[in-house]
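Structural characterization, general
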Amino acid sequence: PSPSITVRKQWYQRRVRGLLKDDGVSIPCEYTSYLAPIMCRRVYNNILKQNPDGPSPESFHMGYVVRLKNVWVFDKVKPCFTFRHPNHAAVMDNSRHISLEFTSDIEALLHGFAGYFDAHLYKDILISIHPDTHSPDMFSWFPMFFPLKVATLVRPGERILVDFWRVVDNVKVWYEWALSEPQPQPIHNSEGSTYWIGLFS
């Protein structure tokens, strides 16, 4: 689901897990996010044009829910973070970190990363916006786009290395991302400075 829905689902699970019997059922029972590096000039240009006085630095430190069209995906979509419910761990920690490696087969500008998801509702019932398993006629969710502050030229055979973090504190959740290859860039949205999702009190 969108990050805000995912966050609220996890908040709910944390608050009610003591009320759920050991054989209780959670719907959804599992969901996974996915990432892929993409070239998407139109979306990137729209971000550049948001401020009539020129690009705002903050514009590149937040995710955008967009219907991605006319994009180039550099490599296969890869899994990012998975959550399973109910979670009976003594200490529930929903923070995450992952390093992902992709390989380009063309020369093109890397504008950022597309985020997708799928969710197992119950047994074999799946809803998905993953490009390979997209649920037919499901238009209620769109991918997330995580932009790079500097669009980066990637050549055939070059590696694309990126780190993604999901960070949690007492009041909010946020995502951070940083490209390390082919051209290192600073961490985007460090400390949730621009983009974050509030937790329920």
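Anything mentioned here points back to the structure above.
The text that follows walks through the structure, step by step, so that each part is easy to find.

**Some points on helix α2 (residues 41-48)**
Residues spaced three or four apart along an α-helix face the same direction, because each turn holds 3.6 residues. The complete set of buried residues in α2 reads V43, Y44 and I47. Considered in projection along α2, the buried side chains sweep an arc of 100° and stay on one side of the axis. Where α2 is buried, its residues touch β2 (64-65), β6 (108-122) and β8 (144-154).

**Regarding the environment of S33**
Positionally, S33 belongs in strand β1 (residues 30-39). For the pair formed by S33 and K78, sequence separation is 45 residues and the distance between their alpha carbons is 8.7 Å.

**Some points on the pairing of strand β10 (residues 172-181)**
For β10, a buried count of eight out of 10 residues is recorded, marking the element as mostly surrounded by other parts of the structure. As judged from the eight bridges shared by strand β9 (residues 159-168) and β10, these two strands associate in the antiparallel manner. In the strand pairing of β10, V162 is matched with L179. Two successive antiparallel strands, β9 and β10, enclose a turn made up of three residues. Pairing between β10 and strand β11 (residues 197-198): two bridges, direction antiparallel. Each residue of the ladder has a partner; that of K172, found in β11, is G198.

**Some words on the packing of aromatic side chains**
Overall, the coordinates contain eight aromatic pairs when judged by the stated rule. Pairing F146 with Y175 gives two aromatic rings, centres 6.2 Å apart and planes at 55°, and the pair type is tilted. Linking F146 in strand β8 with Y175 in strand β10, this pair joins segments that are 29 residues apart in sequence. The class of F146 is buried, set by a relative accessible area of 6%. Judged by its relative accessible area of 9%, Y175 falls in the buried class. With a centroid separation of 5.1 Å and an interplanar angle of 65°, the aromatic rings of F146 and W177 are classed as edge-to-face. With a gap of 31 residues between them, F146 in strand β8 and W177 in strand β10 connect regions that are remote in the sequence. Note that K78 overlies the ring of F102, its terminal NZ or CZ placed 5.1 Å from the centroid.

**A few points about the pattern of salt bridges**
Counting across every chain of the model gives four salt bridges. In this structure, the salt-bridge partner of R159 is E101, at a minimum N-O distance of 3.4 Å. Taken together, the positions of R159 in strand β9 and E101 in strand β5 (residues 96-103) put the pair 58 residues apart, joining distant regions of the chain. Judged by its relative accessible area of 36%, E101 is partly exposed. One salt-bridge network, held together by shared partners, links E101, R159 and E181.

**Quick word on the side chain of H111**
Secondary-structure assignment places H111 in strand β6. Contacts of H111, omitting those with residues within four sequence positions, involve I38, M39, C40, R41, Y44, F145, P147, L148 and A151.

**Some points on unusual backbone geometry**
Of note, the bond from E181 into P182 is cis; its omega dihedral lies within 30 degrees of zero at 5°. Despite not being glycine, D137 has its phi angle at roughly 60°, a positive value. Mapped onto the secondary structure, D137 falls in the loop between β7 (125-128) and β8. By relative accessible area, D137 is classed as exposed at 68%. In the Ramachandran plot, N189 falls in the positive-phi region, its phi being about 60° despite a non-glycine side chain.

Procedures and definitions
- Residues numbered from 1 in each chain as written.
- Predicted model: local features only at pLDDT ≥ 70, side-chain atom pairs only at ≥ 80, totals over all residues.
- Heavy atoms only, no water.
- Buried < 20%, exposed > 50% of the residue type's maximum accessible area, 1.4 Å probe, protein only.
- Helix = DSSP H or I, 4+ residues; strand = E, 2+ residues; numbered from the N terminus.
- Arc of directions from axis to C-beta.
- Contact = heavy atoms within 4.5 Å.
- Pairing = 2+ DSSP bridges.
- Phe/Tyr/Trp six-rings, centres within 6.5 Å; stacked < 30°, edge-to-face > 60°.
- Lys NZ or Arg CZ within 6 Å of the ring centre and 35° of its normal.
- Salt bridge = Lys/Arg side-chain N within 4 Å of Asp/Glu carboxyl O.

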